[in-house]
Amino acid sequence: MMTTRPQRTIRVWDIPTRVFHWCLPVAVIALFVSADTYAMELHALAGEAVLALVLFRLVWGTIGSQTARFRDFVVGPRGIADYLAGHPPKSLGHNPVGAMMVLALLGALLVLAVSGLFADDGIFYSGPLAGRIGNALAVRIGELHATGAYVLAALAGIHVLATLWHLLLRKRNLITPMLTGRIRTERDVPPPAFVGLPLACGIFTVAAGVVALLVHGLPS
Amino acid sequence: MTQDPRAMLRTLSVFTLVAASSLPATSLAASPKAERIAGYKASKLADATIKDALQAGNVSAVSEPAEAMAAFAARLTSLYPREVGDAFVSPSMEAILKNFPDFAQKADAFAASSRDLADRAAAGSPDLVQMRAALENLQASCLACHRSYLGR
Ligand code: HEM
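Residues numbered from 1 in each chain as written. Chains lettered and ligands numbered in written order. Predicted model: local features only at pLDDT ≥ 70, side-chain atom pairs only at ≥ 80, totals over all residues. Heavy atoms only, no water.

Draft legend 1. Molecular detail of the coordination of the iron atom of the ligand. Residues and elements named next belong to chain A. Coordination of the iron atom of the ligand by the protein is provided by H43 (NE2) and H145 (NE2), with metal-donor distances spanning 2.0 Å. For the iron atom of the ligand, the six donor atoms in the first shell make angles of 87 to 180° at the metal, a pattern classed as octahedral. Here H43 is found in helix α2 (residues 40-63), whereas its partner H145 is found in helix α6 (residues 135-168), with 102 residues between them in sequence. An identical accessibility class is assigned to H43 and H145; each is buried. (Donors = N, O, S within 2.8 Å, 3.2 Å for Na, K, Ca; no water. Tetrahedral: all angles 85-135°; square planar, octahedral: opposite > 155°, others 65-115°. Helix = DSSP H or I, 4+ residues; strand = E, 2+ residues; numbered from the N terminus. Buried < 20%, exposed > 50% of the residue type's maximum accessible area, 1.4 Å probe, protein only.)

Take a look at the structure:
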């Protein structure tokens, strides 16, 4: 039985979440290219930017717009099972499986960005905080960092393939909404609540300040 | 398009497998290449361990990692068999084969400096200042070879 309800366009992603999202592929590609060509100054800068972005996202995930909040889209095993059984997700934003990927990607980025600060490649370059810990420990963290980078790459690959799968096999375009902020839906649900852009700018400024302090210390 | 949860899981697991198999194939086989990579990695850790020990003034902790590094350095050139052209495996291999005498000289410098450090560590009354200088020589030997053959 098919009931076709009229489709309407609603806004689901705010500007901060979209800008955050698209900064990541740019930064991560820059991180891999710079690591490969040993442009380590650029690598450190891009990695520190990622750290600030992730810190921002963690705060935005608790006090930001509705679809950006972890409580809105992280649903636990039951919710995932329900979704896989064909029930529509509660959130208009990330679906329950995508939510797991959001957490995995954020976690991997956080681990990489923090481990990078303490990493030492043993010969040429060390992160700005590597001098605070033992040399052998910093070298081991560098190895963890390098291995972790491939885990992130695998996660990002799965993430991209999943969106392509939605697009090509399920005829659901998740990519354009992450650019425009809008989806078309036949579901009769109230539109999500949004929090203002100035707050997001404030949070990011603080996050960037925290990272700068962490990396360079207090200006003397 | 109906959504079949099992098809969805199947597709996800295929994605995972594809992604996992695209991870860098850690050649576990005991090839010269695997052996020298393991040796370089161990040397990196040995170098850091020695640096820690010298910073802490703990001379007795230098001997073991220094000996291990010297043993690796002494057979480094033999781990670059010239008849097996594995140029496609390592981008720097072509340059190494073309300039093998120079490469061997840099490997010798590595062997000599790590031997020197190991000998000083084993001496009756090791001199901390001289050992620090020896470690710097050793690190300079890593750098010199990497600059020439890895571009970094
Ligand atoms: C999410 C952020 C980051 C990503 C995705 C990333 C990625 C990478 C990759 C792909 C490598 C090369 C690994 C290899 O040798 O195969 C690497 C190495 C390295 N990165 Fe990062 N990085 C990040 C953040 C940082 C930060 C913030 C710093 C320090 C300021 C940093 C410092 C280093 C160092 C010192 C190495 C050499 C480690 C070694 O080879 O032992 N990274 N990184």
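Draft legend 2. Broad picture of the side chain of A:D72. Residues and elements named next belong to chain A. Within the fold, D72 resides in helix α3 (residues 70-73). Engagement of the side chain of D72 in a polar contact is seen with the side chain of Q66, the distance being 3.3 Å. Here the side chain of D72 touches S91 through a polar contact of 2.6 Å, side chain to side chain. Sequence-distant contacts of D72, that is, excluding residues within four places in its chain, are made with Q66, T67, K90 and S91. (Polar contact = N/O pair within 3.5 Å; in protein donor to acceptor, adjacent residues only side chain to side chain. Contact = heavy atoms within 4.5 Å.)

Draft legend 3. Local environment of the side chain of B:S43. All names here are of chain B. Take S43: it is sitting in helix α2 (residues 32-55). Within polar-contact distance, the side chain of S43 engages the backbone oxygen of G39 at 2.8 Å. Not counting residues up to four positions away in its chain, the partners in contact with S43 are M69, F72 and F110.

Draft legend 4. A look at the site of the ligand. Neighbouring the ligand are 26 residues, the closest being A:A35, A:H43, A:G116, A:P128 and A:H145. Residue neighbours of the ligand fall on chains A and B, so the site bridges chains. Between the ligand and A:H43 there is a distance of 2.8 Å, counted from a nitrogen atom to a side-chain nitrogen or oxygen. Between A:Y150 and the ligand, the recorded distance is 3.4 Å, taken from a side-chain N or O atom to an oxygen atom. (Near = heavy atom within 4 Å.)

Draft legend 5. Broad picture of the state of the cysteines. Residues and elements named next belong to chain A. Using the criterion set out here, one finds zero disulfides over all chains in the structure. C201 supplies the cysteine sulfur nearest to C23, a cysteine that is in no disulfide, at a spacing of 12 Å. On the basis of relative accessibility, which here comes to 45%, the residue C201 falls in the partly exposed class. (Disulfide = S-S within 2.5 Å.)

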